[in-house]
Structure formats: structure tokens, C-alpha cells
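Chain by chain, the residues run as shown.
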Amino acid sequence: MKIARQITVFDAADIAAESAFWAGLLGGEVYEDDDFHCVIVDGKWRFGVQPAPTHVPPEWPDGAQQQQVHLDLHVEDIRAAHQHAISLGGRLLKAADELDTEEGHQVYADPAGHPFCLGWHKNVPAVHDFGATNG
């Protein structure tokens, strides 16, 4: 499986505050969609932030609410990546409605139960790629 892009995505109740924090801390800027923010540093995508309205902040290191971060892994071939993830012990948590669309994602859990997404974006426009891939 070739990973085309790997993005850490922070879930947050207030995505504007979360993305502004990381952009400010890293000396970057925020690219905003209605339901997703990208933190761009030196022209490259460093983090994503997505809304989680009922997000409960973790109490680190020993609190009742543990850390909440997941990875988005963008792949060239979702079917092959799916099979590879499953063969390694991953579990499909939420399937995409259709695998032949221009873009999409599926949600999985690793063997310990940590969620991650395998996503695809066919023909990613350069303006939305932020130097993360060659496309």
C-alpha cells in the first residue's frame, strides 16, 4: 500500500479556535471549508481539524477521558488499502457508500481500537493539495 498523504486530524467542538491555535503555534495559516480546516505551514498541509460538537477534552495523562486524535491516510487504491489494513488486524468501522467516487473515506480501528481513516482523492486540484502530494 502506497500512502499518498498522511494527515493528523484533531477533533474539536470549536474548529476555528483549534485550527487558529495550531496555525499560530507553528507559524502557519488556516484554509477553511465549511466543515473542515487545514493548517498549512510553509505551503504544506500539517494538520486537519474537523468538528466534533460533543468533544470532551482529554485529561492527560491519567484522566477518565483519554486522548482523542486519529490519522487520515490518503491512498491511491482504496480497495487494496482496505484489504491490507484488514489483513494486518484492522477493523472496518464505517464503510463509504461508494468506492468509485472522486473522493471519500472509510473509518477503521487498529487492533487496539484507535480509529483512523483511509481516504482517496482522485485528481486532487493543486490548490487543495498544499504540496502534500504530487497531484
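Quick caveat, the model's predicted, so the values are computed rather than measured. (Residues numbered from 1 in each chain as written. Predicted model: local features only at pLDDT ≥ 70, side-chain atom pairs only at ≥ 80, totals over all residues. Heavy atoms only, no water.)

Engineer: A description of the pairing of strand E3 (residues 37-41) should follow, citing residues and the corresponding values.
Structural biologist: Counting buried residues in E3 gives five out of five residues, a clear majority hidden from the surface. Side-chain alternation along E3 places His-37, Val-39 and Val-41 on one buried face and Cys-38 and Ile-40 on a second face that is also buried. Here four bridges tie strand E2 (residues 29-32) to E3, and the two strands are oriented antiparallel to one another. In the sheet register, Glu-29 faces E3, and the bridge partner there is Ile-40. Two successive antiparallel strands, E2 and E3, enclose a turn made up of four residues. Where E3 and strand E4 (residues 44-51) come together, five bridges link them in antiparallel fashion. By the bridge assignment for E4, Cys-38 is matched with Gly-48. Counting the residues that bridge the hairpin from E3 to E4 gives two residues, and of these Asp-42 lies at a positive phi of roughly 55°. (Buried < 20%, exposed > 50% of the residue type's maximum accessible area, 1.4 Å probe, protein only. Helix = DSSP H or I, 4+ residues; strand = E, 2+ residues; numbered from the N terminus. Pairing = 2+ DSSP bridges.)

Engineer: Just give me the short version of the packing of aromatic side chains, but keep the residues and values in it.
Structural biologist: By the definition in use, this model includes six aromatic pairs. Centroid distance Phe-21 to Trp-22: 5.1 Å. Interplanar angle 80°. Geometry classified as edge-to-face. With a centroid separation of 6.1 Å and an interplanar angle of 80°, the aromatic rings of Phe-36 and Trp-45 are classed as edge-to-face. In terms of burial, Phe-36 and Trp-45 fall into one category: buried. Among the aromatic residues, ring-to-ring pairing joins Phe-10, Phe-21, Trp-22 and Phe-47 into one connected group. (Phe/Tyr/Trp six-rings, centres within 6.5 Å; stacked < 30°, edge-to-face > 60°.)

Engineer: I'd like a description of the environment of Asp-72, backed by residues and values.
Structural biologist: Assignment of secondary structure puts Asp-72 in strand E5 (residues 69-75). Judged by its relative accessible area of 11%, Asp-72 falls in the buried class. In the structure, Asp-72 is positioned 64 residues away from Thr-8 in sequence and 6.1 Å away in space, judged by C-alpha atoms. Ignoring sequence-local partners within four residues, the contact set of Asp-72 consists of Arg-5, Gln-6, Ile-7, Val-9 and Cys-117. (Contact = heavy atoms within 4.5 Å.)

Engineer: Which residues make up unusual backbone geometry, and what are the values?
Structural biologist: At Asp-42, a residue that is not glycine, the phi angle is positive and equals roughly 55°. In this fold, Asp-42 is placed in the loop between E3 and E4.

Engineer: Can you break down the pairing of strand E8 (residues 115-121) residue by residue, with the values?
Structural biologist: Of all seven residues in E8, five are buried, a share of seventy percent or more. Taken together, the seven bridges between strand E7 (residues 103-109) and E8 define a ladder with antiparallel strand orientation. Residue pairing for E8: Gly-104 is matched across the bridge by Trp-120.

Engineer: Which residues make up the environment of Asp-42, and what are the values?
Structural biologist: Given a relative accessible area of 69%, Asp-42 falls into the exposed group. Residues Asp-42 and Glu-29, 13 residues apart in the sequence, show an inter-C-alpha distance of 8.9 Å.

Engineer: A description of the side chain of Ser-19 should follow, citing residues and the corresponding values.
Structural biologist: Mapping Ser-19 onto the fold places it in helix H1 (residues 15-26). A polar contact of 2.8 Å, which involves the side chain of Ser-19, links it to the backbone oxygen of Ile-15. Among all residues touching Ser-19, those that are not within four sequence positions of it are Val-30, His-37, Val-39 and Val-49. (Polar contact = N/O pair within 3.5 Å; in protein donor to acceptor, adjacent residues only side chain to side chain.)

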